Amino acid sequence: MRTVRSLTSAVTALAMGAATAVALALSSAPPAAALDNGLALIPQMGFNNWNATHCGADFNEDMVKGIADLFVSSGLKDAGYQYVNLDDCWAEQNRDANGDLVPNKTRFPSGIRALADYVHSKGLKLGIYSSAGTLTCAGTMPGALGHEEQDARTWASWGVDYLKYDNCNNQGVDAIQRYTKMRDALKATGRPILYSICEWGSNQPWLWGKDVGNSWRTTGDISDSYSSMLSIVHQNMALTQYAGPGHWNDPDMLEVGNGGMTGTEYRSHFSLWSIMAAPLLIGTDLRKASAATMSILENKEVIAVDQDRLGVQGAPISTDGGRDVFVKRLANGDRAVALFNETDSPQRIATSASAVGLPGAAAYTVRDLWAHTTHETAGVIAATVPAHGTVMYRVAADRSWAEYPPAVDLGIGLPVAYPGALPILQPGADATVTTTVANAGRRPALRVNATLTGPGGWTVEATSARTRPALPTGSSLTTNWTVRPPADTAPGTYTLTARAGTADETLTEDVQVTVRKLDAPPSGTSYLSDLTWVRSTNGWGPVEKDRSNGETGDADGNPITINGVVYQKGLGAHAPSTVEYYLAKRCTAVSADVGVDDEKTQNGSVTFEIWADGTKVADSGLLTTADPAKHLTADVSGAQFVRLIVTDGGNGVDSDHADWADAKVTCA
């Protein structure tokens with residue numbers, strides 16, 4: 001796995017005074033000349049093999065040709081995807097006698113020139129990879145440091161159209177100097193080559209990258225997990241002001257289709273990258289992609305938001321309790337609006353036409369870019385968004401609004417222990433679920449009714465009114481339901497389905513609920529690693545019990561070690577991470593010795609937090625590889641759940657191996 005690299009806090013960068021920002025940007029000799037290659041006037045779109053193959057044997061000439069073929073046959077080319085890019089390991093380990101790079105004879109027996117010709121014959125473009133160091137990140141092929149002009153000439157002679165330029169083995173040479181030198185080398189070839197800077201945000205490239213490259217990575221590497229994707233969103237969304245035509249913030253390649261996230265999470269991933277005007281580089285093996293994956297990658301309405309020629313990066317206008325509203329101004333005056341639910345339970349998220357910057361109007365049209373439906377609204381823009389989901393709209397002050405049905409929102413409210421918590425139902429126990437049908441339209445919604453159904457054998461009964469003859473603008477119908485899973489329901493995830501009928505249409509909303517018997521921890525003091533957690537999320541690989549984080553599979557870590565002290569018990573995590581336990585309001589204290597594991601000797605920096613239900617009750621502050629373990633104790637009296645949270649400390653994910661050593665809970 002390529003090591004995840006650090007990002008100096010974007011929020012800190014934005015908060016800096018102008019003088020400090022200028023000083024940082026000019027910490028080395030400034031670029032000799034601004035980039036003016038006429039490329040990437042809209043964010044680049046294409047494919048890169050790394051997330052799907054790394055340096056595996058299936059990364060080869062046949063794969064690349066197959067991807068080019070699929071771009072054409074599947075419609076991806078028509079959707080805007082253009083670049084077919086090679087990542088690390090395409091070259092031999094040694095240069096030839098003239099010092100030139102040599103394509104790997106096993107992977108690319110026909111050479112890169114022939115491969116470029118094939119890709120070009122499809123009306124597509126070919127990209128290549130190198131590093132601004134002596135070796136690339138995989139360490140198996142030469143980097144371009146000291147060979148910039150020679151390598152640029154080689155790539156140009158092969159017909160290369162795109163360079164991803166990484167940051168490994170850079171020998172401590174100033175980043176601006178290294179990346180500027182390659183910019184000038186590419187320009188000197190006379191061939192238009194899109195220049196993608198990949199230095200992980202380590203040197204705040206948003207401050208200087210506009211004059212050097214067409215895009216720059218703002219974060220460390222993404223992994224195929226919701227927590228990783230969410231962490232990157234939080235970092236990239238603060239950098240809106242630095243993006244524009246020809247120069248883009250790059251939050252890394254897409255993971256859509258690689259299997260580590262749900263379909264809902266992948267739609268969020270694609271929606272958020274699009275509204276943030278990010279490069280859209282497919283990172284899954286399209287030869288194996290499912291129809292569901294292709295439906296996400298080929299959504300032309302969402303892609304149009306990313307590719308809008310005004311070139312504005314969308315930004316959040318509110319982030320209340322994990323209910324985020326992103327807005328992007330579009331060239332024709334419309335607004336793209338993404339309602340993103342970071343939490344683990346459904347949330348109603350709302351904004352208004354005026355809040356997103358639209359002019360006053362009698363009503364507006366709201367186009368749902370995933371459902372591909374259009375409605376009218378008096379001004380409210382709202383949806384009940386599933387856990388980890390995103391609803392994406394295109395909103396316009398449209399005089400033809402009366403041609404469309406009123407915007408009716410169907411929401412499901414589930415029993416949770418605290419706002420945003422995972423909804424859990426116990427077998428054989430009654431739970432109260434609510435459905436709400438709300439009308440945001442200028443015209444009334446007529447003949448409104450609500451239904452709720454569950455799996456076979458479940459009890460689902462309405463305990464309040466579920467019909468209304470009409471819902472005027474701004475009014476709603478809320479129905480209470482008693483839901484009871486059978487006592488013998490096996491632990492797992494189940495679906496409740498709500499429907500709302502109106503005179504114009506029928507709306508359907510599915511929501512996932514977890515059914516499991518929650519057992520209180522035993523009396524006395526117990527190691528948390530000996531108990532069963534309710535859930536866990538982790539930046540890389542799984543959370544480990546009594547081992548450090550190995551980043552890949554179960555039990556692949558080492559003995560937990562902090563500052564030379566070895567612990568037999570504990571939890572090994574990697575930021576960003578959450579581990580949650582059920583306490584049943586019976587416990588009084590949670591404690592642990594926390595710190596960065598010694599298996600990381602540099603860069604690791606994290607914070608540890610303990611949350612009792614929805615309240616933070618302990619915080620370690622920033623801890624690094626240089627710090628000894630810190631003893632953290634929290635009062636959790638009266639809490640149903642406790643969450644152990646690790647963050648990246650605000651400076652990006654890089655070697656953030658976090659140990660909850662000797663983690664214990666004390667219960668009555």
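Our subject is the structure that appears above.
Computed from a predicted structure; not experimentally measured.

**Focus on the overall build of the chain**
Along the backbone of the chain there are 12 helices and 39 strands. Rg of the C-alpha trace for the chain: 26 Å, near the compact-globule value of 26 Å for 668 residues, within the 12% margin. In terms of overall dimensions, the chain has C-alpha extents of about 80 × 70 × 50 Å along its principal axes. Residues counted as buried form 56% of the 668 residues belonging to the chain. Of the roughly 24400 Å² that the chain leaves accessible, carbon and sulfur atoms contribute 49%. The centroid of the 52 positive side-chain charges in the chain is displaced by 5 Å from the centroid of its 71 negative side-chain charges.

**A short note on the layout of surface pockets**
Regions of empty space are outlined by a rolling probe, equal in size to a water molecule, passed over the atoms. Put simply, the second largest pocket is a space of about 1100 Å³. Forming the walls of the second largest pocket are 39 residues, and the residues nearest its centre are L230, H234, E342, T578 and I645. Sorting elements by how many residues they give to the lining of the second largest pocket places helix α9 (residues 226-236) first, with 6 residues. Residue composition of the lining of the second largest pocket, grouped by class: 12 nonpolar, 19 polar and 8 charged.

**Quick look at the state of the cysteines**
If you walk through the whole model with that rule in mind, you get 3 disulfides. Linked covalently through their sulfurs, C55 and C89 form a disulfide whose S-S length is 1.8 Å. The sign of the 65° torsion about the S-S bond sets the C55-C89 disulfide as right-handed. Placement of C55 in the loop between α3 (50-53) and α4 (61-74) and of C89 in the loop between β2 (83-85) and α6 (111-121) is noted, with a sequence separation of 34 residues between them. Paired by a disulfide, C587 and C667 hold their sulfur atoms 2.0 Å apart. Across the S-S bond linking C587 and C667, the dihedral sits near 85°, which makes this disulfide right-handed. Of this pair, C587 sits in strand β33 (residues 587-596) while C667 sits in strand β39 (residues 657-667), and the two are 80 residues apart along the sequence. Accessibility classification places C587 together with C667 in one group, the buried group. What links to what in the chain: the bonded cysteines, counted in sequence order, pair as 1-2, 3-4, 5-6. As a non-bridged cysteine, C198 has C137 as the owner of its nearest cysteine sulfur, 6.9 Å distant.

**A few points about the sheet that holds strand β23 (residues 476-484)**
In space, the 4 strands of this open sheet follow the order β17-β19-β23-β21, with antiparallel pairing throughout. Both outer strands of the open sheet, β17 (408-413) and β21 (459-462), are each paired with one neighbouring strand and no more. Across this sheet, the average inter-strand angle for adjacent strands is 20°, counted without regard to direction. In this sheet, β23 lies alongside strand β19 (residues 431-439) in antiparallel orientation, the contact comprising 8 bridges. Bridge pairing links T435 to T479 in β23.

**Describing the nonpolar core**
Note that soluble globular proteins tend to have their nonpolar side chains buried in a common cluster. One finds Y81, W90, W155 and W273 to be the most contacted residues of the largest nonpolar core, which totals 84 residues. If sequence neighbours within four positions are ignored, W155 has contacts with W90, L101, I128, S130, A144, V160, L163, M182 and L186. L531, V596, L632 and C667 belong to the second largest nonpolar core, which has 33 residues in total.

About the cut-offs
- Residues numbered from 1 in each chain as written.
- Predicted model: local features only at pLDDT ≥ 70, side-chain atom pairs only at ≥ 80, totals over all residues.
- Heavy atoms only, no water.
- Helix = DSSP H or I, 4+ residues; strand = E, 2+ residues; numbered from the N terminus.
- Rg over C-alpha atoms; globule rule 2.2 N^0.38 Å.
- Buried < 20%, exposed > 50% of the residue type's maximum accessible area, 1.4 Å probe, protein only.
- Areas by Shrake-Rupley, 256 points an atom, 1.4 Å probe, with all protein chains shown as cover.
- Lys, Arg positive; Asp, Glu negative; His and termini not counted.
- Charge placed at Lys NZ, Arg CZ, Asp CG, Glu CD.
- 1 Å grid on protein atoms, 1.4 Å probe; cavity = no way out; pocket = protein on both sides within 12 Å on 5 of 7 lines; lining within 4 Å.
- Points joined across faces, edges and corners; volume = space filled by probe spheres on them.
- Nonpolar A, V, L, I, M, F, W, Y, C, P; charged D, E, K, R; others polar.
- Disulfide = S-S within 2.5 Å.
- Pairing = 2+ DSSP bridges.
- Axes fitted to C-alpha atoms, helices over the stretch in contact; angles between N-to-C directions.
- Core = buried A, V, L, I, M, F, W, Y, C linked by side-chain atoms within 4.5 Å.
- Contact = heavy atoms within 4.5 Å.

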